[in-house]
Amino acid sequence: MRSLILDNALIIVIAAALVELLVGISVLAFRGRRKTYGAMRALIAILCFGLFYDAFIIAIGKLIGDGNILWVLSIVRYLLSAILIPLLFPISGYAADLGKKGMLVMKLLMVLFIVLGLTHTVMTEIKAVEFAGLLRYSPSDATPVWAKIISGIINLLSIIPLLVAGIRLVIKKHNIALLLSGICMLAFTVLAPATKNTDLMVFFSMIGEALMVFFMFVHAQTAKDPDFLLS
């Protein structure tokens with residue numbers, strides 16, 4: 001598995017970027033009737049375009065070359081990540097039809113995680129790293145340990161609402177798409193450390209993110225016919 005990923009790192013990054021871009025465009029093109037459905041669709045699109053930017057910058061890093069331009073683009077990568085990952089809370093809430101009180105909780109959690117994300121991002125020192133044929137900026141040893149821990153916690157905890165909402169949708173509407181979205185993201189988040197390939201985390205995460213947004217799109221398409229995936 002390790003050699004397969006290392007030999008095809010650029011292909012993985014480009015494929016993830018294309019999936020995220022196409023899903024973002026497709027979600028925007030798909031019109032829902034309910035107000036909350038439209039909000040969910042818009043948030044999924046925003047998330048997709050942010051993930052596309054992340055993968056795209058990594059894919060073209062070597063073409064840009066190490067320097068101020070790539071550094072600035074990479075800073076934007078990290079800031080977008082801090083802001084966009086917490087969108088999983090309201091996306092999950094809208095998908096599960098949690099109502100006003102439930103959505104208030106989800107939005108408050110989103111704001112909390114954005115603040116935490118921006119805090120650890122500001123404290124993160126990044127350096128240029130060439131690995132698997134790609135040039136990207138990643139956290140350096142100068143980054144405080146607590147900032148790295150918070151980053152990991154945010155990435156893991158943000159998946160929980162997808163799983164909870166997904167289980168709720170399977171039970172109430174027989175639609176497994178959102179649960180698959182959360183399971184894919186969780187599986188590829190823990191796969192790197194579980195296989196002692198933490199240096200490949202970025203590639204595992206990109207595969208997980210592409211699958212996550214793909215199944216979000218499937219949910220958006222099958223929400224009106226919830227039994228579609230379990231029929």
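Use the structure listed above.
Keep in mind that what you see is a predicted model, and the values were worked out from it rather than measured. (Residues numbered from 1 in each chain as written. Predicted model: local features only at pLDDT ≥ 70, side-chain atom pairs only at ≥ 80, totals over all residues. Heavy atoms only, no water.)

Caption draft 1: Representation of the nonpolar core. Ranked by internal contacts, the top residues of the largest apolar core, which has 37 residues, are Met-40, Leu-47, Ile-91, Met-212 and Met-216. Counting residues per element, the ones that place at least two in this core are helix H2 (9–29), helix H3 (35–59), helix H6 (88–95), helix H7 (99–122), helix H9 (160–173), helix H10 (177–194) and helix H11 (201–222). With 7 residues, H3 is the largest single contributor of residues to this core. If sequence neighbours within four positions are ignored, Met-40 has contacts with Ile-91, Tyr-94, Ala-95, His-219 and Ala-220. The next biggest cluster of nonpolar side chains, apart from the first, holds 17 residues, and it includes Ile-5, Ile-12, Ile-58 and Leu-134. (Core = buried A, V, L, I, M, F, W, Y, C linked by side-chain atoms within 4.5 Å. Buried < 20%, exposed > 50% of the residue type's maximum accessible area, 1.4 Å probe, protein only. Helix = DSSP H or I, 4+ residues; strand = E, 2+ residues; numbered from the N terminus. Contact = heavy atoms within 4.5 Å.)

Caption draft 2: View of the pattern of salt bridges. Counting across every chain of the model gives 4 salt bridges. Arg-77 is the salt-bridge partner of Asp-54, the closest N and O atoms lying 2.8 Å from each other. Placement of the pair is Asp-54 in helix H3 and Arg-77 in helix H5 (residues 68–84), with a sequence separation of 23 residues. Neither Asp-54 nor Arg-77 differs from the other in exposure class; each is buried. Between Lys-62 and Glu-130 there is a salt bridge; the shortest N-O distance is 2.9 Å. With a gap of 68 residues between them, Lys-62 in helix H4 (residues 61–64) and Glu-130 in strand S1 (residues 126–131) connect regions that are remote in the sequence. (Salt bridge = Lys/Arg side-chain N within 4 Å of Asp/Glu carboxyl O.)

Caption draft 3: Region of the structure containing the environment of Phe-56. Mapped onto the fold, Phe-56 is located in helix H3. A relative accessible area of 37% places Phe-56 in the partly exposed class. Between the C-alpha atoms of Phe-56 and Leu-21, which are 35 residues apart in sequence, the distance is 9.9 Å.

Caption draft 4: How the structure looks around the pairing of strand S2 (residues 134–139). Counting buried positions along S2 yields 5 of 6 residues, so the element is predominantly enclosed. Sheet analysis places S1 next to S2, joined by 6 bridges and oriented antiparallel. Within S2, the residue paired with Glu-130 across the bridge is Leu-135. (Pairing = 2+ DSSP bridges.)

Caption draft 5: Up close: the packing of aromatic side chains. Taken as a whole, this structure holds 4 aromatic pairs when the rule is applied. Ring geometry for Phe-52 and Phe-56: centres 5.6 Å apart, planes at 25°, overall stacked. In this pair, Phe-52 and Phe-56 are both assigned in helix H3, 4 residues apart and thus about one turn of the helix distant. Residues Phe-214 and Phe-215 carry aromatic rings whose centres are separated by 5.2 Å and whose planes lie at 70° to one another, so their mutual orientation is edge-to-face. When its relative accessible area of 38% is taken as the criterion, Phe-214 is described as partly exposed. Sitting over the face of the ring of Tyr-78, Arg-77 holds its NZ or CZ atom 5.1 Å from the ring centroid. (Phe/Tyr/Trp six-rings, centres within 6.5 Å; stacked < 30°, edge-to-face > 60°. Lys NZ or Arg CZ within 6 Å of the ring centre and 35° of its normal.)

Caption draft 6: Spatial organisation of H11. Between its first and last C-alpha atoms H11 spans 31 Å; for 22 residues at 1.5 Å apiece the expected length is 32 Å, and the two agree. Judged by how many residues are buried, H11 sits mostly within the fold: 17 of 22 residues are covered. (Expected span 1.5 Å × (residues − 1).)

Caption draft 7: Representation of the packing of H6 against H9 in the model. As a packed pair, H6 and H9 sit with axes 9 Å apart at the nearest point and diverge in direction by 5°. The orientation of H6 relative to H9 falls into the category roughly parallel. On the side of H6, the interface is formed by Leu-88, Phe-89, Ser-92 and Ala-95, while H9 contributes Pro-161, Leu-162, Ala-165 and Leu-169. The residue makeup of the contact of H6 with H9, split by class, is 7 nonpolar, 1 polar and no charged. (Axes fitted to C-alpha atoms, helices over the stretch in contact; angles between N-to-C directions. Parallel < 35°, antiparallel > 145°, perpendicular 65-115°, else oblique. Nonpolar A, V, L, I, M, F, W, Y, C, P; charged D, E, K, R; others polar.)

Caption draft 8: Layout of unusual backbone geometry. Its identity as a non-glycine residue notwithstanding, Ala-132 has a phi of 55°, on the positive side. With respect to the helices and strands, the residue Ala-132 is situated in the loop between S1 and S2. When its relative accessible area of 24% is taken as the criterion, Ala-132 is described as partly exposed. Within the chain, Lys-196 stands out as a residue other than glycine whose phi angle is a positive 60°. Structurally, the position occupied by Lys-196 is in the loop between H10 and H11.

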